[in-house]
Amino acid sequence: MSMLTHGLERPFDWAKRPARISNEHKAQLKRVALRALTVLSMGGLLAAVIALKTAIYVWHLHA
C-alpha cells in the first residue's frame, strides 16, 4: 500500500521556497488585472443599460 501513496508522503519542497517575483512583474500583473476588471465592469454596465432601455420600451409598449 505504501507504493501507492509514496508520492503523497514526500514534503512539498516548492511550498518552502519564497516567491521570486520581481517588482516589475508584479506591476505588470497589476496593470493586466486592472484592465481586465475595467473591461468586465464596462461590459456589465453596457448590459445594464441595454436591460434598462428594454424594460422602458416594454413598459411604454404595454401602457
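The model shown is predicted, which means the values in this text are computed figures rather than measured ones. Each chain has its residues counted from 1, running along the sequence as written. A pLDDT threshold of at least 70 governs which residues receive local features in this predicted model, and a stricter bar of 80 or more applies before side-chain atom pairs are shown or counted, although totals over entire chains, interfaces and linings include all residues. For the side-chain quantities, the full set of heavy atoms in the structure was used; hydrogens and water were omitted.

1. Regarding the overall build of the chain
Okay, so step 1: Counting from the N terminus, the helices are DSSP H or I runs at least four residues long and the strands are E runs at least two residues long. Along its length, the chain carries three helices and zero strands.
Okay, so step 2: Going from the N terminus to the C terminus, the chain shows its helices and strands as α-α-α.
Okay, so step 3: A simple rule labels every residue: compare its accessible area, found with a 1.4 Å probe on the protein chains alone, to the largest value its type can have, and call it buried under 20%, exposed over 50%, or partly exposed in between. Counting only residues that meet the buried cut, the chain has 0% of its 63 residues in that class.
Okay, so step 4: Areas reported here follow the Shrake-Rupley algorithm with a probe of radius 1.4 Å; residue values treat only the protein chains shown as occluding. Taken as a whole, the chain presents about 6,500 Å² of accessible surface, with 69% of it coming from carbon and sulfur.

2. Some remarks on a nonpolar patch on the surface
Okay, so step 1: A contiguous nonpolar surface patch, about 320 Å² in accessible area, is contributed by Y57, V58 and L61.
Okay, so step 2: Topologically, Y57 is positioned in helix 3 (residues 23–62). Every patch collects residues that have over 30% relative accessible area and no salt bridge, joining them within 9 Å if they carry like charges and within 5 Å if they are nonpolar side chains (Val, Leu, Ile, Met, Phe, Trp, Tyr). A side-chain nitrogen of Lys or Arg and a carboxyl oxygen of Asp or Glu constitute a salt bridge if their distance falls within 4 Å.

3. Considering the confidence of the model for the chain
Okay, so step 1: Each residue carries a pLDDT score, the predictor's own confidence in it, on a scale running from 0 to 100. Taken as a whole, the chain shows an average pLDDT of 84; of its residues, 68% reach a score of 70 or greater.
Okay, so step 2: Within the chain, no element has a lower average pLDDT than helix 1 (residues 2–9), which sits at 61, and none a higher one than helix 3, at 95.

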